[in-house]
Amino acid sequence: HRPDALSHIMDREDTKPWYRQFWPWFIIALPASAVVAGLTTVWIAMQTTDSLVVKSEDGVRNAADRRISAERLASEMNLAALVQIDPDTGVVSVVIRSGDLAESPATLDLEFSHPAFADRDQLITLNRAMPDASGNPVWVGHFSTIPNERYYAVLKAGDVWRLSAEWQGETSLTLRPGGVGGDDGR
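In this report, we go over the structure that sits alongside the text. Here the structure is a predicted model, which is why all the values come from computation and not from measurement.

So, how was this worked out
Residues numbered from 1 in each chain as written. Predicted model: local features only at pLDDT ≥ 70, side-chain atom pairs only at ≥ 80, totals over all residues. Heavy atoms only, no water. Phe/Tyr/Trp six-rings, centres within 6.5 Å; stacked < 30°, edge-to-face > 60°. Helix = DSSP H or I, 4+ residues; strand = E, 2+ residues; numbered from the N terminus. Buried < 20%, exposed > 50% of the residue type's maximum accessible area, 1.4 Å probe, protein only. Pairing = 2+ DSSP bridges. Axes fitted to C-alpha atoms, helices over the stretch in contact; angles between N-to-C directions. Salt bridge = Lys/Arg side-chain N within 4 Å of Asp/Glu carboxyl O.

### Focus: the packing of aromatic side chains
Right, on to step 1. Counted by the stated rule, this structure contains nine aromatic pairs.
Right, on to step 2. Their ring planes at 25 degrees and their centres at 5.7 Å tell us that Phe 22 and Phe 26 sit as a pair that is stacked. One end of the pair is Phe 22 and the other is Phe 26, both in helix H2 (residues 22-47) and four residues apart, which spans about a single turn.
Right, on to step 3. Between Phe 112 and Phe 143 the ring centres are 5.1 Å apart and the planes differ by 55 degrees, which places this aromatic pair in the tilted class. One end of the pair, Phe 112, is in strand S5 (residues 107-113); the other, Phe 143, is in the loop between strand S7 (138-142) and strand S8 (151-157), and 31 residues separate them in sequence.
Right, on to step 4. Classification of Phe 143 as buried rests on a relative accessible area of 1%.
Right, on to step 5. Put simply, the rings of Phe 112, Phe 143, Tyr 151 and Trp 167 touch in pairs and so form one group of aromatic residues.

Written as structure tokens, this is what we have:
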């Protein structure tokens, strides 16, 4: 009976054509998915810009170089800023010690950058106000909505100097050069 059993197995044919089988399509899907993922990556790369490269008056400069030079200048000037936030009104005031700045700029930018979601970032333009009782320069601005999560706070005078710190909802915050919350995750 052995020859008959063997002949029965050999005579049996697969009646489905190859394109109706599972395994050929599974094998084709693996490299096809890699091609689709590669093309998607190329498309994303073409649609987005390199955020570390920015245009300036003197051509293209690296944003990290600009940040480092701004922090270095703030450190050389021994700058520190005290930020006060009124949780009831959203008023933000910034005080810098008198004498640390050669001249007080008319406006400062205070950025609150969310560590994960760029759509939650806030930029507050602070305008120079009357000096405080000790003669220290003061700048004032206003939150549209006060954030209630962790943020990186950065105070800048254009590209000239930069102070930063990590903010976690407190009403008073001291910003220093190269403080926590820089672009490099310190």
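Structure's up, so let's keep going.
### Observations concerning the sheet that holds S8
Right, on to step 1. Spatial ordering of the open sheet is given by S9-S8-S5-S6-S7-S4-S3-S10, a layout of eight strands whose pairing is antiparallel. Taken across any chain shown, the strands that pair with only one partner, and hence form the sheet edges, are strand S9 (161-167) and strand S10 (172-175). Each strand of the sheet is rotated relative to its neighbour by a mean of 25 degrees, with strand direction disregarded.
Right, on to step 2. In this structure, S8 lies alongside S9, joined through seven bridges in antiparallel fashion. Bridging across to S9, Leu 155 finds its partner in Leu 163.

### Details of the pattern of salt bridges
Right, on to step 1. One pass over the structure, following the stated rule, counts five salt bridges.
Right, on to step 2. Arg 162 is the partner of Glu 71 in a salt bridge, and the nearest nitrogen-oxygen pair spans 3.2 Å. Placement of Glu 71 in helix H3 (residues 63-76) and of Arg 162 in strand S9 is noted, with a sequence separation of 91 residues between them.
Right, on to step 3. For Arg 162, a relative accessible area of 6% translates into the label buried.
Right, on to step 4. A salt bridge links Glu 166 to Arg 150; its shortest N-O distance comes to 3.1 Å. Highlighted residues: Glu 166 in strand S9 and Arg 150 in the loop between S7 and S8, separated in sequence by 16 residues.
Right, on to step 5. When salt bridges that share partners are traced, they join Arg 67, Glu 71 and Arg 162 into one network.

These figures come from the coordinates and say nothing about function on their own.
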